[in-house]
Amino acid sequence: QVQLVESGGGLVQPGGSLRLSCEASGSIYRVFAMGWYRQAPGKERELVAHISSGGSTGYADSVKGRFTISRDNAKNTVYLQMNSLQPEDTAVYYCNAATAGGLGWGQGTQVTVSS
């Protein structure tokens, strides 16, 4: 079984920054791709950013140039640095990981951008 635990969400003013973290544990054996998704109230869950085991990254157009995804393979941890946050970034952010032990989802962490 794969467990993912996110941290780092919170309330921030427009233009501010937050850094999310997500650690994978359990029967993972090896972690392949990892990613961050978000779901705003009344909207479908959407992919924000993803990163391969080799470090290749991809981003949604709405966050390009503002968000940066990275990972520490030794710690089975993925990060999402979010800069220049805007109210439309408000959502629950979920971590996702594809591992040799299966696919896992975190429980979600709330990010609220408001003045």
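The structure this text deals with has already been given above.
Just so it is clear, the structure is predicted and the values come from calculations on it, not from any experiment.

Enquirer: How do you make sense of the overall build of the protein chain when you look at a structure like this?
Expert: Looking only at helices and strands, one finds zero helices and eleven strands in the protein chain. Taken from N to C terminus, the helices and strands of the protein chain fall in the order β-β-β-β-β-β-β-β-β-β-β. For the protein chain, the spread of C-alpha atoms along the principal axes amounts to about 45 × 25 × 20 Å. Within the span of the protein chain, comprising 115 residues, buried residues form 41% of the whole. Here the analysis covers contacts within the protein chain between residues at least 6 apart in sequence; of these, 54% occur between residues at least 24 apart.

Enquirer: Sorry, what's going on with the packing of aromatic side chains here?
Expert: For any pair of aromatic rings, the description rests on two quantities: the centre-to-centre distance and the angle between the ring planes. For the structure shown, the criterion picks out one aromatic pair. The lysine or arginine in question, R19, covers the ring of Y79, its NZ or CZ lying 4.1 Å from the ring centre. We note R45 situated over the ring of Y94; from NZ or CZ to the ring centre the distance is 3.7 Å.

Enquirer: I would appreciate a short explanation of the pattern of salt bridges in the present structure.
Expert: Should the charged atoms of two oppositely charged side chains come close, the side chains can pair. Taken as a whole and judged by the stated rule, the model has four salt bridges. Between D89 and R38 there is a salt bridge, and its shortest N-O distance comes to 3.0 Å. Of the two residues, D89 sits in the loop between strand 8 (77-82) and strand 9 (91-99) while R38 sits in strand 4 (residues 31-39), which places them 51 residues apart along the sequence. Side by side, D89 and R38 carry an identical accessibility label, which is buried. Between R66 and D89 there is a salt bridge; the shortest N-O distance is 2.7 Å.

Enquirer: Could you clarify how one ought to interpret the nonpolar core in this entry?
Expert: In summary, soluble globular proteins display a tendency toward joint burial of nonpolar side chains. Ranked by size, the top nonpolar core spans 29 residues in total, and within it W36, V48, F67, V78, L80, M82 and Y93 carry the most contacts. Secondary structure elements with two or more residues in this core: strand 1 (2-7), strand 3 (18-26), strand 4, strand 5 (46-51), strand 7 (67-72), strand 8, strand 9 and strand 11 (109-113). Excluding residues that lie within four positions of it along the chain, F67 makes contacts with R38, V48, Y59, L80, Q81, M82, N83, L85, D89 and Y93.

Enquirer: Looking at this structure, how should I read the state of the cysteines?
Expert: The term disulfide refers to a covalent linkage connecting the sulfur atoms of a pair of cysteines. Tallying each qualifying case throughout the model produces one disulfide. The partner cysteine of C22 in its disulfide is C95, sulfur to sulfur 2.1 Å. Because the sign of the S-S torsion sets the handedness, a value of about -80° for the bond joining C22 and C95 places this disulfide among the left-handed ones. With C22 in strand 3 and C95 in strand 9, this pair connects stretches of sequence that are 73 residues apart. Residue C22 is classed as buried on the basis of its relative accessible area of 0%.

Rules and cut-offs
Residues numbered from 1 in each chain as written. Predicted model: local features only at pLDDT ≥ 70, side-chain atom pairs only at ≥ 80, totals over all residues. Heavy atoms only, no water. Helix = DSSP H or I, 4+ residues; strand = E, 2+ residues; numbered from the N terminus. Buried < 20%, exposed > 50% of the residue type's maximum accessible area, 1.4 Å probe, protein only. Contact = heavy atoms within 4.5 Å. Phe/Tyr/Trp six-rings, centres within 6.5 Å; stacked < 30°, edge-to-face > 60°. Lys NZ or Arg CZ within 6 Å of the ring centre and 35° of its normal. Salt bridge = Lys/Arg side-chain N within 4 Å of Asp/Glu carboxyl O. Core = buried A, V, L, I, M, F, W, Y, C linked by side-chain atoms within 4.5 Å. Disulfide = S-S within 2.5 Å.

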